[in-house]
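Structural characterization, general
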Amino acid sequence: MVKISRRAALVGGGLLVAGPAYAAPLPRFEGGPPLTEWTAGTNKMKLVRAFTFYDAAGKRWRAPAGHMIDGASIPRVLWTLVGDPFGGPYRDASIIHDYYCDVEVRPWRATHRVFYDAMIHSGVSRGEAAQKYWAVYNFGPRWAERPGLFENLTSIFSPPPPPPPPPPPPLSDEEMLQLTVRAGQVLGEASPETVEGLAPDDVR
């Protein structure tokens, strides 16, 4: 006599009882370690395969293969302080951050915040991540938010979104470095919300 399992009988009868679904932990990277190659005659690296970060809310941040990485999302003068974005423990975070600063398809605040979140996931200390986050939040690129599909459809009934707040006045390289050092001393292992609330004038 052939024994038929309960699962097989249920499937045969048109009812499938699924087992517990597996959910990959969040946050996480996919496609790593990043595979890159230097582009001859330039200071840029090409991402050979796609590299993705999923934040704690499950939102996907994907840098596609072929994108050119130059670390420009982090002011170059700060590289001597926060480190070279092409290496070190925050390289993975800088790849995601660099791509989304280039394409400007998500709000600049969210783009800078994912830099912090990805650094923490990569093992960067909270103190170091807070200082790096403060540097890009205050001296990194900013752009106007682009309305989504729903906002486009209802824009005729609503006022346009406000422009992004202007970045701080231009600073000399020396002053930018000094302010970032002081911010790191003030912040310690502060939360990202505290980082966002600390203006350059607060550490002058």
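This text goes with the structure placed above it.
To keep things clear, this report deals only with the structure shown in the data block.

Where helix α4 (residues 108-121) contacts helix α5 (residues 126-139), the two axes come as close as 9 Å, and the packing angle between them is 160 degrees. The angle between the axes of α4 and α5 places the two elements in the roughly antiparallel class. Seen from above, α4 lies across α5 with right-handed handedness. Contact residues: Trp108, Arg109, His112, Arg113, Phe115, Tyr116, Met119 and Ile120 in α4; Arg126, Ala129, Ala130, Lys132, Tyr133, Val136 and Tyr137 in α5.

Our focus in this paragraph is the pattern of salt bridges. Close approach of charged atoms lets side chains of opposite charge pair. Across all of its chains, the model carries nine salt bridges by this definition. Across the pair aspartate 201 and arginine 204 runs a salt bridge whose closest N-O atoms are separated by 2.6 Å. Look at the salt bridges and you will find they share partners, linking Arg113, Asp117, Glu193 and Glu196 into a network.

What follows covers the side chain of aspartate 55. Checked against the element boundaries, aspartate 55 lands in the loop between β4 (51-54) and β5 (60-63). Of the side chains with opposite charge, lysine 59 lies nearest to the buried aspartate 55, which makes no salt bridge, at 6.3 Å. Filtering out sequence-adjacent residues up to four positions away, aspartate 55 remains in contact with Leu26, Pro27 and Trp61.

Attention now goes to α4. Spanning 14 residues, α4 covers 20 Å between terminal C-alpha atoms, matching the ideal 20 Å at 1.5 Å per step. Within the sequence span of α4, burial applies to Trp108, Thr111, His112, Val114, Phe115, Tyr116, Ala118 and Met119. Here the buried face of α4 lies against β1 (28-30), β4, β5, α3 (91-103), α5 and α8 (192-196). A positive phi of about 100 degrees marks glycine 123, the residue just after α4.

Note on sheets: strands pair through backbone hydrogen bonds, and any given pair is parallel or antiparallel. The sheet built from three strands is open, its strands ordered β1-β4-β5 with antiparallel pairing. In this open sheet, the two strands that pair with only one neighbour each are β1 and β5. Going across the sheet, the axis of each strand differs from the next one's by a mean of 20 degrees, ignoring polarity. Of the pairings in the sheet, the one linking β4 to β5 comprises four bridges and is antiparallel in character. Bridging across to β5, phenylalanine 53 finds its partner in tryptophan 61. Against the sheet, α3 makes contact with β1, β4 and β5, and its axis sits at roughly 85 degrees relative to β5, the strand it touches most. Its contacts with the sheet place α4 against β1, β4 and β5, and it is angled at close to 90 degrees to β4.

Procedures and definitions
- Residues numbered from 1 in each chain as written.
- Predicted model: local features only at pLDDT ≥ 70, side-chain atom pairs only at ≥ 80, totals over all residues.
- Heavy atoms only, no water.
- Axes fitted to C-alpha atoms, helices over the stretch in contact; angles between N-to-C directions.
- Helix = DSSP H or I, 4+ residues; strand = E, 2+ residues; numbered from the N terminus.
- Parallel < 35°, antiparallel > 145°, perpendicular 65-115°, else oblique.
- Left-handed = near helix turned anticlockwise from the far one by under 90°.
- Contact = heavy atoms within 4.5 Å.
- Salt bridge = Lys/Arg side-chain N within 4 Å of Asp/Glu carboxyl O.
- Buried < 20%, exposed > 50% of the residue type's maximum accessible area, 1.4 Å probe, protein only.
- Lys, Arg positive; Asp, Glu negative; His and termini not counted.
- Expected span 1.5 Å × (residues − 1).
- Pairing = 2+ DSSP bridges.

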